[in-house]
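An overview of the molecular structure
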Amino acid sequence: MGGALDVNEFVAGYLVEVEEHLSASTANLLAVEAALRGGESNPKAIRELFRALHTIKGLSAMVGVEPIVDLAHAMETVLRAADRSAGSLSASSIEVLLRGLRSIEERARALAEGKPVLPAAPELLAALTALDLAAAPSPPVPIIGADPEILAKLGPGERVQLAQGVAGGRRALRVDFVPSPARTAEGVNITTVRERVGKLAEIVKVIPLSVPASDGAPGGIAFALLVLTSAPDEEVARAAAADGARALTVEPPVPPAVAALAEREPDEPADREPQLRGVVRVEVARLDDALDKLSALVVTRFRLARAAAELRARGVDIRDLSEILREHDRTLRDLRGAIMRARMISVAELLERVPLVVRGLGRATGKQVRLEIDAGKAELDKAVAERVFPAIVHLLRNAVDHAIEPPAERRRLGKPEEGVVRVSCFERSSNQLELSVADDGRGIDRALVARRAGRPAPESDAALLDLITLPGLSTLDQATKTSGRGLGMDIVRRIAVEQLSGELSVSTSPRAGTTFTLRIPLTLTIVDAFSFLCGDQLFVTPIAGVEEVVEIDAARVLRGPAPGEARGGAMLPAPGEARGGTMLPAPGEARGGTLLIERRGEVVPLVDLGALFELGASPARRALVVRRHGAPFAFGVTRVIGQQEVVVRPLEDPLVRVPGVSGATDLGDGRPTLVLDLVTLSGRLSAGRGGRGALARAAS
């Protein structure tokens, strides 16, 4: 081997590692702060924070990023000082440590963008050095009933963690795993044991022990797992491949204190998971390339299906070919699922940055805010996640700055001084995610919003949403650092509705709070869709936006009164409201009323898409029913072809973008087929902004 080592080739991997450790560090430091506010401690979070900083320092030294090395080392020193004094971290200490994490993040971002990495700020290093932790009182050390060999390797932090777990109602256990060639051949090793035990218990420490070599322990080594659990002893022992579990006695209960760190370096091989966990990091560009190749395969499948249909029409026996095509369809669907799973990230990972955002907003506004996150196991495409996160931030700013009252006002109203903002999400179906941001604040003042907008006061939540998403509308007299420029809710609407072809809704009650709900697709590129005809023109629409496909019985089509003419069509009732929007009558019909259909006792407005797009006089025989703000809306079509996967290509050129048209696709005939966003289209029609001419030009 010759030549000097070029560390630049490791920079990409280094940046990914640092990003992960910074995210974990921020979460752990905020967890420590939350525990201190409650008069408790979080020793596990302290230890994880120290380890993350230690790893960041080592990685940065390896690639020569000295400013980050300096910052991480100074922060390590703070934590080591806490260990030596056995004192608690003060609120000011946590604030300085957060500043340190932000400084590391800024320098890592500069390195990623090819910019100079600035030296660590002297005032920050001085602040870290000056943190006075020595004055903190030394907490009593809990007594752990265990073998001396175990106690010698058990640091103060682990002792506190065990004591707190027992005080919280769990049991402290020791289970021993003894590796052997036979167990290794069965795939049972310390890593798999940790994974299995971790599902039943909180692992406090894994301690390697030297034991006499024997038939049961041919390697002369064993691992003692110290855990906290509520599961039965036999289940934990079975997960650890151990003969049994031994209880650990812990007394007395430890008072609240911040856990101290061990003086020595972390016991890396035994006390933390190995770095290699079967995970391969792949650049998003490579996944995008794989998705493009898959998209080409989907289009090719359409062409094969068309060619097979033409052979069948000529009387050719294609039974064998049809079987091959069916198998190809199954394989292609499985391949699509595999690639899409590789692109998916957990919503919990997306929301990791949210606590820091809310903390900053609370400090900027002087309000006390508690954040609750319920992300479950929902996942979504990374491309969708990157687009929707700014909308989440704007909703959080809106909640903290506008909705949550100051502490004095909340006391006067009989509310707790600490406001609550809750972010929750779940998968509504296999291809749609529902995400909500709720608060327990003052609610939205409809009269104030109406005065600011120069409009009548809205009577429904749907009408209120239309007002608060107007560009430039703000209820604040003067802009602040966090809001007041009238852009936030307009940006949320554009992201959720226009960019992601989703839906945005609001529910609010005076003095009780407000909830904004986004319903967005899990992915944007390859979607399951209905294809249908309007006259002779073929269209597709994502299945996620369609609630039901119904037959149109001409005898049951109702015609409501026409309140007046507007924009070339009869007035259409806004879904669930008084009649006040526009619709175009079906071809050949007089412009004298509103078309309605009855569905299970519910009257649903009906728009003939063929008439809307000026595609001829073919009668509408089926209707695609969608919901907007909870109210139904039906679009009449000539014929529904079926369900299929389509590759959506967005219309990027603003000159050809039309509301209600989310993109185009190729169904194998080489011609572009428009992808319709019927939910958005129903909103445009209900608001009287159908844009008939533009829609007709798009269809043609």
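This report concerns the structure included in the present document. This structure is a prediction, so every number in the text was calculated from the model and none was measured. (Residues numbered from 1 in each chain as written. Predicted model: local features only at pLDDT ≥ 70, side-chain atom pairs only at ≥ 80, totals over all residues. Heavy atoms only, no water.)

1. Observations regarding the overall build of the protein chain
For the protein chain, the helix and strand inventory stands at 23 helices and 27 strands. A total of 700 residues make up the protein chain; the buried ones form 47% of that total. Across the protein chain, contacts joining residues at least 24 apart in sequence account for 69% of those joining residues at least 6 apart. As presented, the protein chain carries roughly 34200 Å² of accessible surface, and 53% of it is formed by carbon and sulfur atoms. (Helix = DSSP H or I, 4+ residues; strand = E, 2+ residues; numbered from the N terminus. Buried < 20%, exposed > 50% of the residue type's maximum accessible area, 1.4 Å probe, protein only. Contact = heavy atoms within 4.5 Å. Areas by Shrake-Rupley, 256 points an atom, 1.4 Å probe, with all protein chains shown as cover.)

2. Points about the pattern of salt bridges
A side chain with one charge may pair with a side chain of the opposite charge, provided their charged atoms come close. If you walk through the whole model with that rule in mind, you get 43 salt bridges. Taking the shortest distance from any N to any O, the salt bridge between Glu106 and Arg107 comes out at 3.9 Å. By sharing partners, the salt bridges in this structure join Glu33, Glu95, Arg102, Arg359 and Arg363 into a single network. (Salt bridge = Lys/Arg side-chain N within 4 Å of Asp/Glu carboxyl O.)

3. Quick word on the pairing of strand β13 (residues 513–521)
Of all 9 residues making up β13, 8 are buried, and the element is well covered by its neighbours. Sheet topology note: the strand β11 (residues 432–439)/β13 ladder contains 8 bridges and is antiparallel. Looking across to β13, one finds that Glu434 is bridged to Arg519. With 7 bridges joining them, strand β12 (residues 503–509) and β13 adopt antiparallel strand pairing. Across the sheet, residue Thr508 finds its bridge partner in β13, namely Thr514. The antiparallel pairing of β12 with β13 creates a hairpin that spans 3 residues between the two strands, and Arg511 there sits at a positive phi of about 65 degrees. (Pairing = 2+ DSSP bridges.)

4. Side note on the packing of helix α12 (residues 284–313) against helix α13 (residues 319–343)
Closest axis-to-axis distance for the α12/α13 pair is 11 Å, and the angle between their directions is 160 degrees. It follows from the interaxial angle that α12 and α13 lie roughly antiparallel. Between α12 and α13 lies a crossing of left-handed hand. On α13, the residues touching Leu287, Asp288, Ala290, Leu291, Leu294, Leu297, Val298, Arg301, Leu304, Ala308, Leu311 and Arg312 of α12 are Leu321, Ser322, Leu325, His328, Asp329, Leu332, Leu335, Arg336, Ile339, Met340, Ala342 and Arg343. A class-by-class count of the residues in the contact of α12 with α13 yields 16 nonpolar, 2 polar and 6 charged. (Axes fitted to C-alpha atoms, helices over the stretch in contact; angles between N-to-C directions. Parallel < 35°, antiparallel > 145°, perpendicular 65-115°, else oblique. Left-handed = near helix turned anticlockwise from the far one by under 90°. Nonpolar A, V, L, I, M, F, W, Y, C, P; charged D, E, K, R; others polar.)

5. A look at unusual backbone geometry
Of note, the phi angle at Ala241 is positive, near 55 degrees, even though the residue is not glycine. On the secondary structure map, Ala241 appears in the loop between α10 (233–239) and β5 (245–247). Positive phi outside glycine occurs at Arg511, with the angle close to 65 degrees. Positionally, Arg511 belongs in the loop between β12 and β13.

6. Describing the nonpolar core
Core analysis: the largest hydrophobic core is formed by 49 residues, its most contacted members being Leu380, Leu396 and Leu518. Of all the elements, helix α16 (residues 382–403) adds the most residues to this core, at 11 residues. Discounting chain neighbours no more than four positions away, the residues touching Leu396 are Val354, Val357, Val358, Leu361, Val421, Val423 and Val437. Core analysis: the next-biggest nonpolar cluster, separate from the first, contains 36 residues, Val63, Ala72, Leu89 and Ile104 among them. (Core = buried A, V, L, I, M, F, W, Y, C linked by side-chain atoms within 4.5 Å.)

7. Focus on the side chain of Asp677
Here Asp677 shows up in the loop between β27 (672–676) and α22 (678–686). Relative accessible area serves as the criterion here: at 9%, Asp677 is assigned to the buried category. Within the local environment of Asp677, its side chain forms a polar contact with the side chain of Thr680, the two groups lying 2.6 Å apart. The contact partners of Asp677, leaving out residues within four places of it in the chain, are Val497, Ser501, Gly660 and Ser662. (Polar contact = N/O pair within 3.5 Å; in protein donor to acceptor, adjacent residues only side chain to side chain.)

8. Some details on the packing of aromatic side chains
Per the stated rule, a full pass over the model turns up 3 aromatic pairs. Aromatic pair Phe633 and Phe635: ring centres 5.1 Å apart, planes at 35 degrees, arrangement tilted. Each member of the pair Phe633 and Phe635 is classed as buried. In this structure, Arg353 is placed above the aromatic ring of Phe389, and the distance from its NZ or CZ to the ring centre is 4.1 Å. (Phe/Tyr/Trp six-rings, centres within 6.5 Å; stacked < 30°, edge-to-face > 60°. Lys NZ or Arg CZ within 6 Å of the ring centre and 35° of its normal.)

9. Focus on the pairing of β11
Judged by how many residues are buried, β11 sits mostly within the fold: 8 of 8 residues are covered. Neither face of β11 is exposed, since Gln432, Glu434, Ser436 and Ala438 on one face and Leu433, Leu435, Val437 and Asp439 on the opposite face are all buried.

10. Quick notes on the environment of Pro542
On the secondary structure map, Pro542 appears in strand β15 (residues 537–542). Setting aside residues no more than four positions away along its own chain, Pro542 makes contact with Asp528, Ala529, Val675 and Leu676.

11. Quick notes on the sheet that holds β5
One open sheet accounts for 4 strands, arranged β3-β4-β2-β5; its pairing is antiparallel. Pairing within the sheet leaves two strands with one partner each, and these edge strands are β3 (201–210) and β5. Going across the sheet, the axis of each strand differs from the next one's by a mean of 25 degrees, ignoring polarity. Here strand β2 (residues 171–177) runs beside β5; their pairing, made up of 3 bridges, is antiparallel. Bridging across to β5, Arg174 finds its partner in Arg246.

12. Points about α16
For α16, spanning 22 residues, the distance from its first C-alpha to its last is 30 Å, which sits close to the expected 32 Å at 1.5 Å a residue. The largest bend in α16 is about 30 degrees, located at Val388, with the proline Pro390 one to four residues further on. For α16, the tally of buried residues reaches 16 of 22 residues, placing the bulk of the element in the interior. (Expected span 1.5 Å × (residues − 1). Bend = angle between axes of the 7 residues up to and from the residue.)

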